[in-house]
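Observations on the model geometry
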Amino acid sequence: MKNISILGSTGSIGTQTLEIVRANDDLNVVAIAAGSNIDLLEEQAKEFSPSLVCVFNEEKAEELKQRIDIEVVSGMDGLIKAATISEAEIVVTAFVGMIGIKPTLEAIKAKKDIALANKETLVTAGHLVMAAAKENNVKILPVDSEHSAIFQSLNGEEGNKIDKILLTASGGPFRGLTRWQMKDKTVEDALKHPNWTMGQKITIDSATMVNKGLEVIEAKWLFDVDFDDIQVVVQPQSLIHSMVQYEDGGIIAQLGTPDMKLPIQYALYYPKRKPLAGDRVDFAEIASIQFETPDLENFRGLKLAYEAGRTGGSMPTVFNAANEKAVAMFLNREIGFLDITDIIEECMKKHTVIENPSFEEILEVEKWVYETIAQRG
């Protein structure tokens, strides 16, 4: 029996993780956490009977306490309690945003393996997280489909030199369009991803290709490679999830249908594979596999990510925090689609980089970004 804690249990990754738990009687949920969706959290608590439930929103937590006979905690202290609960062997970190950094660091210090689905943790604090994981002998197991594909393609190749990582991208709902053609795209347009069913924030990030930029920075930390050795390849069918090219020119790729349950389950059971229900790739039905070079001029989010990553220090935090705020504003219909990358670029140009920022400095940079955007007018 493997005991797991799920931070972000009501989101896309969290609910799919619980689907895997339902299908496997050797997985046991000991803690769940969510932001404010207490109706779904109540259902999950009654079905999976965890020892601890966390609601980040304190008022909602008080309300949930009246509904269930399980310990309910709240706020950042509650998230940390869910992340470090003694029974858990592995923590699924599926919260969206920088809120996931502190609980992840605390879980690592508590010797928990991490099934990482929170990009922002490594993008903004990769130097802290990877050092802590090494110090505590903790596994960081990627849940992103692309990083899981790279991780799987590295298996059995210990000691062999990587030439480059080929990080695949679907291109999102606006693939092939110019900036002028994207100028008046609405929230509804941006949420129509051609292949994947994901949460709103990550779907918008896919439309701007900021998501792929975040993944580039994340890959640098996960696989200890230089940015020059990470090449983004657009693969519109989302059949090849990513590839690794070795120094002899050989390329190992991981293929599969666009289903997040595979990388989630792989992280939970690593290094073992288990049966997983679902569709299978039928090569007889595939006429061709398409590849394209990413358009860095019209999709400036990816270009800015490379710039932020190469600059290093606190700049990736600026990139990430500006995107988080801008996407929230776009979803609230306060700004246009193209304003997202404009805001990111403006913040990056105004920022004075801090080398090797501490956790507290990362939070201060986030605060500075939000204040800078608020003063934009």
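Here goes a summary of the coordinates provided.

Criteria and cut-off values
Numbers given for residues are sequential positions, taken from 1 along each chain in its written order. Restriction of local features to residues with pLDDT of at least 70 applies here, the model being predicted, together with a cutoff of 80 or more for giving and counting side-chain atom pairs; totals for whole chains, interfaces and linings are based on all residues. Each side-chain value is derived from all of the structure's non-hydrogen atoms; neither hydrogens nor water enter the calculation. In short, DSSP must find at least two bridges between two strands for them to pair. Every helix listed is a DSSP run of H or I at least four residues long, and every strand listed is a run of E at least two residues long, numbered separately from the N terminus. For helices, the axis comes from a line fit to the C-alpha atoms of the stretch in contact; other axes are also lines fit to C-alpha atoms, and the angle between any two N-to-C directions lies between 0 and 180 degrees. The patch calculation keeps residues exceeding 30% relative accessible area without a salt bridge and links them within 9 Å when they carry like charges or within 5 Å when they are nonpolar (Val, Leu, Ile, Met, Phe, Trp, Tyr). Note on areas: these come from Shrake-Rupley sampling with a 1.4 Å probe, and a residue is covered only by the protein chains present in the view. A side-chain nitrogen of Lys or Arg and a carboxyl oxygen of Asp or Glu constitute a salt bridge if their distance falls within 4 Å. Only protein atoms enter the 1 Å grid, on which a cavity is a set of points fitting a 1.4 Å probe that cannot get out and a pocket is an open set with protein on both sides within 12 Å along at least 5 of 7 lines, lining residues being those with an atom within 4 Å of a point. Grid points are joined across faces, edges and corners, and a volume is the space filled by probe spheres set on the points. In this count, Lys and Arg are taken as positive residues and Asp and Glu as negative ones, while His and the chain termini are left out. Where a charge sits is defined by one atom per residue type, namely NZ (Lys), CZ (Arg), CG (Asp) or CD (Glu). Classes in brief: Ala, Val, Leu, Ile, Met, Phe, Trp, Tyr, Cys and Pro nonpolar; Asp, Glu, Lys and Arg charged; the others, Gly included, polar.

In space, the four strands of this open sheet follow the order E9-E8-E10-E11, with mixed pairing throughout. Each edge of the open sheet is held by one strand with a lone partner, namely strand E9 (230-234) and strand E11 (251-255). Averaged over all adjacent pairs, the angle separating strand axes in this sheet is 20 degrees, with direction ignored. Here five bridges tie strand E8 (residues 162-169) to E9, and the two strands are oriented parallel to one another. Within the sheet, the bridge partner assigned to Ala169 lies in E9 and is Val234.

What follows covers a nonpolar patch on the surface. On the surface, Leu255, Phe283, Ile289 and Phe291 cluster together to form a nonpolar patch covering roughly 360 Å² of accessible area. Here Leu255 shows up in strand E11.

This brings us to the layout of surface pockets. Estimates place the volume of the largest pocket at around 1100 Å³. Ala94, Val96, Gly199, Lys201 and Ile202 are the residues nearest the centre of the largest pocket, which is lined by 49 residues in total. When contributions to the lining of the largest pocket are tallied by element, the ones reaching two or more residues are helix H1 (12-23), helix H6 (119-135), helix H7 (145-154), E8, helix H10 (200-208), helix H11 (210-223) and helix H14 (315-331). Counting residues per element, the lining of the largest pocket draws most heavily on H10, which supplies five residues. If you add up the space inside the second largest pocket, you get close to 580 Å³. Along its surface, the second largest pocket is lined by 22 residues, and Ile140, Phe151, Leu154, Leu222 and Phe223 are the ones closest to its centre. Put simply, the parts of the chain that give the lining of the second largest pocket at least two residues each are H6, strand E7 (140-142), H7 and H11.

Attention now goes to a negative patch on the surface. A cluster of acidic side chains, namely Glu360, Glu361, Glu364 and Glu371, defines a negative patch on the protein surface. Tracing the sequence through the fold places Glu361 in helix H16 (residues 359-374).

Time to look at empty space enclosed by the protein. A full pass over the atoms with the stated rule returns four cavities of 30 Å³ or more. Of the pockets and cavities examined, the largest cavity occupies roughly 70 Å³. Lining the largest cavity, in full, are Arg179, Met182, Ala207, Thr208, Asn298, Phe299, Arg300, Phe337, Leu338 and Thr341. Elements that contribute at least two residues to the lining of the largest cavity include exactly helix H8 (179-182) and H10. A class-by-class count of the residues in the lining of the largest cavity yields five nonpolar, three polar and two charged.

Purely geometric numbers; function is a separate question.
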